[in-house]
Amino acid sequence: MDHSHHADHIGGGGMEIMTELGESAPCKTPMLFTWDSQDLCIVFDWWHIRSGIGFVGSLLAVLLLSLGYEYLRAINAATDSDAETLPGPSGSKRDERLTSSRQPRSRIFRAAFYALQVLYSFFLMLVFMTYNGWVMLAVVCGAFTGHLFWSSRIVRSSRGMFCH
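Being a predicted model, the structure only gives us computed values, none of them experimental.

Undergrad: Would you take a moment to explain the overall build of the protein chain for this structure?
TA: Broken down by element type, the protein chain carries four helices and two strands. Here the protein chain holds 164 residues, and the buried ones make up 30% of them. A sequence separation of at least 24 residues applies to 62% of the contacts in the protein chain between residues at least 6 apart.

Here is the structure:
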């Protein structure tokens, strides 16, 4: 069965959306830096920006996502530092390997929490890769604000697996 007549309805990887007037408005996913927000899609085809209010709301959502990531980093750093600095005999610090081996649930929880943090950072990387200057600024402003709020909790660690 020939479906070539449907080719006009599919564009941008099937991410074509019908507007209120019945016209199709494809998602724009540029591979070059831009400040244009018209018909921008952020990560998913359902996150299609069709209006100025939608764009401002999306920027706010991206800022909050980035802010939340910094909060997650602070929580992760706090749980890691708590595990590493449990007092040992006569006030000395316990070796982390001893602490972790005695509490396998704690290790599993911390590993799962770290995996969530990595997933979150990769998602923000994809948001940043919309190549839209406004979206990039929202990610950076959220990171800046989150770091201001929670940087005192973040202990410098050897983990470098963060995408922003």
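Undergrad: What's the story with the state of the cysteines in this structure? I'm lost.
TA: Cysteine pairs can be covalently joined through their sulfur atoms, and such a bond is termed a disulfide. Taken as a whole, this structure holds one disulfide when the rule is applied. Put simply, cysteine 27 and cysteine 41 are joined by a disulfide, and their sulfur atoms are 1.8 Å apart. Around the S-S axis, the bridge from cysteine 27 to cysteine 41 shows a dihedral of about -50 degrees and counts as left-handed. Within this pair, whereas cysteine 27 is found in the loop between strand S2 (24–26) and helix H1 (52–84), its partner cysteine 41 is found in the loop between S2 and H1, the two being separated by 14 residues in sequence.

Undergrad: For this particular structure, what's the right way to read unusual backbone geometry?
TA: Trans is the prevailing form of peptide bonds, just as negative phi is the prevailing case for residues other than glycine. One non-glycine residue, aspartate 39, adopts positive backbone phi at about 60 degrees. For aspartate 39, the position within the fold is in the loop between S2 and H1. A positive phi angle, near 60 degrees, is found at tyrosine 131, a position not held by glycine. With respect to the secondary-structure elements, tyrosine 131 resides in the loop between helix H3 (104–128) and helix H4 (133–150).

Undergrad: Honestly, the pattern of salt bridges in this entry has me stumped. Any pointers?
TA: Charged atoms that come close allow side chains of opposite charge to pair. If you walk through the whole model with that rule in mind, you get two salt bridges. As a salt-bridge pair, arginine 73 and glutamate 70 come within 3.5 Å of each other at their nearest N and O atoms. With arginine 73 and glutamate 70 both in helix H1 and three residues apart, the pair spans about one turn of that helix. In this structure, arginine 73 and glutamate 70 share a single accessibility class: buried.

Undergrad: For this particular structure, what's the right way to read the packing of aromatic side chains?
TA: Counted according to the given criterion, the structure contains nine aromatic pairs. Each ring, one from phenylalanine 44 and one from phenylalanine 123, has its centre 6.1 Å from the other, and the planes form 25 degrees; the classification is stacked. Separated by 79 residues along the polypeptide, phenylalanine 44 in the loop between S2 and H1 and phenylalanine 123 in helix H3 bring together distant segments of the chain. For the ring pair phenylalanine 149 and tryptophan 150, a centre distance of 5.5 Å and an interplane angle of 80 degrees mean the geometry is edge-to-face. On the basis of relative accessibility, which here comes to 53%, the residue phenylalanine 149 falls in the exposed class. Each residue in the set Phe44, Trp46, Trp47 and Phe123 is aromatic and connected to the rest through ring pairs, giving one cluster.

Calculation rules
Residues numbered from 1 in each chain as written. Predicted model: local features only at pLDDT ≥ 70, side-chain atom pairs only at ≥ 80, totals over all residues. Heavy atoms only, no water. Helix = DSSP H or I, 4+ residues; strand = E, 2+ residues; numbered from the N terminus. Buried < 20%, exposed > 50% of the residue type's maximum accessible area, 1.4 Å probe, protein only. Contact = heavy atoms within 4.5 Å. Disulfide = S-S within 2.5 Å. Salt bridge = Lys/Arg side-chain N within 4 Å of Asp/Glu carboxyl O. Phe/Tyr/Trp six-rings, centres within 6.5 Å; stacked < 30°, edge-to-face > 60°.

Honestly, that's just the spatial picture; any functional story needs more than this.
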